Amino acid sequence: MDFLGINPVLLIASLMVSATPILLAAIGETVVEKSGVLNLGVEGMMIVGAVVGFITAVNTENPAIGFVTAAIAGALLSTIFATLVLHLKSNQVATGLGLTLVGLGISALLGKPYEGIKSPTLQSLDIPILADIPIFGRMLFSHDAMVYVSILIVGLVWYTLKYTRAGLVLRAVGENHDAAHALGYKVIRIRFLAIMFGGACSGLGGAYISLVRVPQWTEGMTAGAGWIALAIVVFASWKPWRTLIGAYLFGGITVLQLNLQAAGVAIPVEYLSMSPFLITIAVLVIISARGNQGAPASLGRPFHASN
Amino acid sequence: MKLKSILTSAIAAVALGTAAIAADIKVGFVYVGPVGDGGWTYEHDQGRKAVVEAFGDRVETIYQENVPEGADSERVMTQMALQGADLIFTTSFGYMDPTINVAKKFPNVKFEHATGYKRADNVSTYSARFYEGRAVQGHIAGKMTKTNKIGYIGSFPIPEVIRGINSAYIHAKKVNPDVEFNIVWAYTWFDPAKEADAANALIEQGCDVVLQHTDSTAPQAAAEKAGNVITFGQASDMAEFGPLPRVSSIIDDWGPYYVARTQAVLDGTWTSMDTWDGIGPGMVKIGEISSAVPADIKAEAEALRDALGSGEYHAFTGPLNKQDGTPWLAAGETADDGTLAGMNFYVEGLTGTIPQ
Amino acid sequence: MIHFEKRLNPSRITTVVTPIIAVILTMIAGGIMFAALGKPPLEAIRIIFWDPLFDPNFASYSRPQLLVKAGPLILIAIGLSIGFKAGIWNIGAEGQYIMGAVFGAAVALAAYPADSVLLFPAMVVSGACGGWLWAMIPAILRTKFNTNEILVSLMLVYVAESILASVAQGLLKNPEGYGFPGSRNLQQYPSAFNAEVIANSGMHWGVISAFIAVICAYVMMTRHIRGFEVRLMGEAPKAARFSGTSTTRLVVFCLGISGALAGLAGMFEVSGPSGQITIDFNSGYGFTAIIVAFLGRLHPIGILLAGLLMALTYIGGELAQLMLGLPGASIQLFQGMLLLFLLATDIFTNYRIRIGGAK
């Protein structure tokens, strides 16, 4: 069963957990970008979600409430971005970067009194029957609820984008906002909601780090996860299920390189530590070499109704 | 209404500001991380608070957090000196050359640089012998492991970290000849998610003890989740993870040193010196050994701690060979500080190579 | 009903007035934040914006430091702005900055202790090449495979950080450093030291290069055919292709120039203010420069001013931390607010407000 001294069952089980924060953030950002907006503030929204989720979970002793408030906090922060970009027509790249600065600053100030405290955390579900299946039970069915919630969100996003009217409208807005506007769709309102959804998902992802991965609050604890999530979206060519693959692949390579080290496989460590990024680039090249990347045509372009 | 309260507070602050000038001396601290990192910088800030506690109004402390190494740190130190600081603690290895540069420009200001090796008439250096604490950890780890596999999360392969690995290994091996070390280099000081992954990787390899030389509590949480794995707090106590998985910890206690040096400046007796203190003078503390450790092992560990503290035992005592089998220390010989300071080799028995 | 109408030409008056309004708004919002933190707001704002420039105790030191801090930001931002104008998104300047420093320092360390006037110019060339080469990776992938350059350049930042950590502990480690990581200090190697050109002015070669870059970029964007191509590509890609502009050439040009300038910034920093290659040598200039580029509205003069303003908030923010014990995070938040207010008021430059009766 072991390969190079690594048990693949355990590897997959731990990569699912390890990839969940970036998956949540990435699926949210996919929706935002599908609507034609590029929000580079994912890191800022994640860390605000992490701190708010942590604070409420500690005070209510209920991690579920923590996740809910984290989503709300992420969505609220994203409205700053949405207002600036949609109503005040500011540059999306710069506004997203500004949002990250603001998020990092706010989170550090809010979190000060909560340093060094442990939060209540989510228990593993150990889904009845399924968790007892040999191999797969341990690998796939013994995680905490948020792992499945994240997959569920991916499924919902996929279904909504592909099969519902709302999804069609969202995609139309992202592909050609002028045409969508001409057809009578509320471009600004749709994008505003998409941005808030992205904020909520980022908030959830951040809370997963502060409530499950680490169960503690420390300043700057998302440590760049938001940037990886942004990369995953492009990597996935804006397709929901590919986001899942991308996040798991990225998480998987990170976990694998640490596992290879732990197993004492003699590969120079410094090359291993850069491998997730190099492999991401390589896969990206392969995908793009095959042709259309599927970027929403209006991505990053400002919309002005009277044009 | 708001404007009025702002104005009132501004006036109040100006009044306060003039009142605060009464302090005899001003002491500055330059931190590499945020004071709330729960590890390295947190403990230095605890040291600063100890100074405040000890001297009250006689000493004013100022600090700056998240100061990048290099040019930014040089500017921060200069601004501190310009602002009238009499004594400045620079608490990261990377501040070494900037500290020397600024010290040249301000001969009347005293500087204290942590973990470096360059001194001047107004620059002292200080560091802690963390490896003494690692020896105690190694002892407990060697005794407690059932799988005989001990995991070690390293940050960067620098002498400080390698010294810790060697010390822990020597003392684990001493009490348990079958013990093996699995070492993972995270290439970061602080990245909770990555540290959690590293801990999980080690646990999946069958390690039931995880030692860390990174700053976050993520490995503790990973061990708690896995169950049957023990860990040790790093830099700060991390007591919230006790009694299991955290069974003990190494705490950097800078307070007594900072108080003593501040006192020396107040008394006018400050001179440049090199301090490398361990358990004995209290710069390194072993956190409470938890109830999860059987009484006899706890007693042995405390005896080892005390022997290291009193100086009757040195953590690197021969016979010891280097990893490739070449002799390093003869029986009874102890390592000199120079070799320890720049340690860049594993001792015999450790597997793997140190990344370059 | 408030309604915005696009201006045909950006208003000149608002171009000047809106940044001032934004700074005032930031002062108000920041003041409220400082007050909420229990610190005197007016004093905090005075320390951030006034003291670094005019305080009798600090100003003689902080004014030159302003240039030292702004120099690399401006140099990198100028390069980035050219690409951004053309719609070519290099967000990996941090990686190019690192590689420029590594390449530049490697030349000096290989020559150590040789004494030659040619060494410093060689380091400049090598540093620019390092950044340029690192930027050529996304450039080639974009032109050959149409791979997204945002992602590749970002990923390469992390790769560069790993390389930096590796060389700081291996290839470029100071052989007389007692095994500690980090290279020799180039400040102590006269041939390689990027010293101040005029003592205590803050003007080292990197700052001078930044000013030269501002002038060159201004001339190129307004007077040169290449500047026209860049703008055309950004504003009307189809028209650009139709008029015979080669996308490939422009991508290589834009990424190349931003990479080379970022590499130069890294090289000037490592050979001057910073002095040595260390594990954490980079301190975010590459990312902050993106903000500077947009704050300056992608205009060379704007970037010059934005870089100085950004440097002022850094240095003033440090002073405020020291004098008032403000947490570092509040300064970060303050910078974030400044950026967002500047962006928010930008609308008045490009749009006219009409109240009532949408057409």
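Residues numbered from 1 in each chain as written. Chains lettered and ligands numbered in written order. Predicted model: local features only at pLDDT ≥ 70, side-chain atom pairs only at ≥ 80, totals over all residues. Heavy atoms only, no water.

(A) A look at the overall build of chain A. When helices and strands are tallied, chain A shows 12 helices and 0 strands. Going from N to C terminus, chain A has its helices and strands arranged as α-α-α-α-α-α-α-α-α-α-α-α. Its C-alpha atoms give chain A a radius of gyration of 20 Å, near enough to 19 Å, the size a compact globule of 307 residues would have. When the backbone C-alpha atoms are referred to their principal axes, chain A occupies close to 65 × 50 × 40 Å. Burial status across chain A gives 63% buried among its 307 residues. The long-range fraction of contacts in chain A, counting pairs at least 24 apart against all pairs at least 6 apart in sequence, stands at 78%. (Helix = DSSP H or I, 4+ residues; strand = E, 2+ residues; numbered from the N terminus. Rg over C-alpha atoms; globule rule 2.2 N^0.38 Å. Buried < 20%, exposed > 50% of the residue type's maximum accessible area, 1.4 Å probe, protein only. Contact = heavy atoms within 4.5 Å.)

(B) Molecular detail of the overall build of chain B. When helices and strands are tallied, chain B shows 11 helices and 14 strands. In summary, chain B has a C-alpha radius of gyration of 22 Å against a globular reference of 21 Å for 356 residues, a match within 12%. Accessible surface, chain B as shown: approximately 12,600 Å² in total, 54% of it carbon and sulfur. Distance between charge centres in chain B, computed from 28 positive and 44 negative side chains, equals 3 Å. (Areas by Shrake-Rupley, 256 points an atom, 1.4 Å probe, with all protein chains shown as cover. Lys, Arg positive; Asp, Glu negative; His and termini not counted. Charge placed at Lys NZ, Arg CZ, Asp CG, Glu CD.)

(C) Focus on a nonpolar patch on the surface. A contiguous nonpolar patch, built from Ile13, Val16, Val17, Ile20, Ile21, Ile24, Leu25, Ile28 and Ile32 of chain C and spanning about 780 Å² of accessible area, is present on the exposed surface. Among the residues examined, Ile21 of chain C registers a relative accessible area of 38% and is labelled partly exposed. (Patch = residues over 30% accessible without salt bridge, like charges linked within 9 Å, V, L, I, M, F, W, Y side chains within 5 Å. Salt bridge = Lys/Arg side-chain N within 4 Å of Asp/Glu carboxyl O.)

(D) Inspection of the pairing of strand β2 (residues 59–64) of chain B at higher detail. Residues and elements named next belong to chain B. Burial of β2 is extensive: 5 of the 6 residues sit out of reach of the surface. Examined bridge by bridge, strand β1 (residues 25–30) and β2 share 6 bridges and lie parallel to one another. Considered in β2, the bridge of Gly28 is made with Ile62. Following the chain from β1 across helix α2 (residues 40–55) to the adjacent parallel β2, one finds a crossover that is right-handed. (Pairing = 2+ DSSP bridges. Right-handed = clockwise from strand over helix to strand, strands pointing away.)

(E) Representation of the packing of aromatic side chains in the model. For the structure on display, the rule yields 38 aromatic pairs over all chains. Residues Trp50 of chain C and Phe54 of chain C carry aromatic rings whose centres are separated by 4.5 Å and whose planes lie at 45 degrees to one another, so their mutual orientation is tilted. Judged by relative accessible area, which is 46%, Phe54 of chain C ranks as partly exposed. Ring plane angle 15 degrees and centroid distance 6.3 Å describe the contact between Trp89 of chain C and Phe294 of chain C, whose orientation is recorded as stacked. Of the two residues, Trp89 of chain C is situated in the loop between α4 (59–85) and α5 (93–111) and Phe294 of chain C in helix α12 (residues 285–295); the sequence distance between them amounts to 205 residues. Phe294 of chain C gets classed as buried once you look at its relative accessible area, which sits at 7%. Grouped by ring-pair contacts, the aromatic residues Phe29, Tyr31, Trp40, Tyr63, Phe89, Tyr126, Phe130, Trp254, Tyr257 and Tyr258 of chain B constitute a single cluster. Directly above the aromatic system of Tyr314 of chain C lies the positively charged group of Lys69 of chain C, at a separation of 4.5 Å from the ring centroid. (Phe/Tyr/Trp six-rings, centres within 6.5 Å; stacked < 30°, edge-to-face > 60°. Lys NZ or Arg CZ within 6 Å of the ring centre and 35° of its normal.)

(F) Quick look at the packing of helix α1 (residues 8–34) of chain A against helix α11 (residues 240–262) of chain A. Residue and element names in this part refer to chain A. For the pair α1 and α11, the least separation of the axes is 7 Å and the interaxial angle reads 140 degrees. For the element pair α1 / α11, the angle class is oblique. As α1 packs across α11, the resulting crossing turns out to be right-handed. Touching Leu11, Ser14, Leu15, Met16, Ser18, Ala19, Ile22, Leu23, Ala26, Ile27 and Thr30 of α1 are Pro240, Thr243, Leu244, Ala247, Tyr248, Phe250, Gly251, Gly252, Val255, Leu256 and Asn259, all from α11. Of the residues in the contact of α1 with α11, the class split is 15 nonpolar, 7 polar and no charged. (Axes fitted to C-alpha atoms, helices over the stretch in contact; angles between N-to-C directions. Parallel < 35°, antiparallel > 145°, perpendicular 65-115°, else oblique. Left-handed = near helix turned anticlockwise from the far one by under 90°. Nonpolar A, V, L, I, M, F, W, Y, C, P; charged D, E, K, R; others polar.)

(G) Molecular detail of the interface of chain A and chain C. Contacts between the two partners involve 42 residues from chain A and, on the opposite side, 39 residues from chain C. Together chain A and chain C conceal approximately 3,600 Å² of surface at their shared face, both sides included; 81% is due to carbon and sulfur atoms. For the interface between chain A and chain C, the tally reads 0 salt bridges. Taken together, chain A and chain C are joined by 0 residue pairs in polar contact (both at pLDDT 80 or more). Of all the secondary-structure elements, those providing two or more residues to the side of chain A that touches chain C are α3 (63–87), α4 (92–111), α10 (225–235) and α12 (269–289) of chain A. The biggest single contributor to the side of chain A that touches chain C is α4 of chain A, with 13 residues. Its residues placed into classes, the side of chain A that touches chain C shows 25 nonpolar, 14 polar and 3 charged. (Buried area = accessible area lost by both parts, 1.4 Å probe. Polar contact = N/O pair within 3.5 Å; in protein donor to acceptor, adjacent residues only side chain to side chain.)

(H) Looking closely at the interface of chain A and chain B. With 32 residues of chain A at the interface, the matching set in chain B holds 33 residues. At the boundary of chain A with chain B, total buried surface from both sides reaches about 2,600 Å², with 52% on carbon and sulfur atoms. The largest share of the area that chain A buries against chain B comes from Lys118, Arg213 and Leu258 of chain A, three residues that together contribute 21% of it. Where chain A packs against chain B, one counts 2 salt bridges. One salt bridge in this structure joins Asp197 of chain B and Arg213 of chain A, with 2.7 Å as the shortest N-O distance. For the pair chain A and chain B, the number of links is 7 residue pairs in polar contact (both at pLDDT 80 or more).

(I) Spotlight on the nonpolar core. Phe181, Phe316 and Trp328 of chain B together with Ile277 of chain C are the most contacted members of the largest nonpolar core, which has 278 residues in total. For this core, the two domains that each supply at least three residues are domain 1 (2–128) and domain 2 (130–251 + 285–341) of chain B. When sequence neighbours within four positions are dropped, the list of residues in contact with Phe316 of chain B reads Tyr131, Arg163, Asn166, Ser167, Ile170, Trp328, Leu329, Glu333, Thr334, Ala335, Leu340 and Met343 of chain B. With 18 residues, the next largest nonpolar core counts Val67, Val102, Ala103 and Val109 of chain B among its residues. (Core = buried A, V, L, I, M, F, W, Y, C linked by side-chain atoms within 4.5 Å. Domains from an automatic or database assignment.)

(J) View of the domain arrangement of chain B. All names here are of chain B. Annotation of chain B at the domain level lists domain 1 (2–128) and domain 2 (130–251 + 285–341). Spacing between the C-alpha centres of domain 1 and domain 2 amounts to 32 Å. Contact between domain 1 and domain 2 buries roughly 630 Å² in total, counting both sides, with carbon and sulfur atoms accounting for 55%. Area buried by domain 1 at its contact with domain 2 is led by Trp40, Glu43 and Ala128, which between them contribute 58% of it. For the pair domain 1 and domain 2, the interface holds 0 salt bridges. In this structure, the connection of domain 1 to domain 2 is made through 1 residue pair in polar contact (both at pLDDT 80 or more). For the side of domain 1 that touches domain 2, the element with the highest residue contribution is α2, accounting for 3 residues. A per-class count over the side of domain 1 that touches domain 2 returns 3 nonpolar, 2 polar and 2 charged.

(K) Examining the confidence of the model for chain B more closely. Residue and element names in this part refer to chain B. Averaged over all residues, the pLDDT of chain B is 88; the fraction at 70 or higher stands at 94%. Of all the helices and strands in chain B, helix α1 (residues 2–19) carries the lowest mean pLDDT, 45, while strand β3 (residues 87–90) carries the highest, 96. Overall, residues 1–20 carries pLDDT values under 50, and its contacts beyond four positions in sequence, including any with other chains, amount to 13 contacts. (pLDDT = per-residue confidence, 0-100.)

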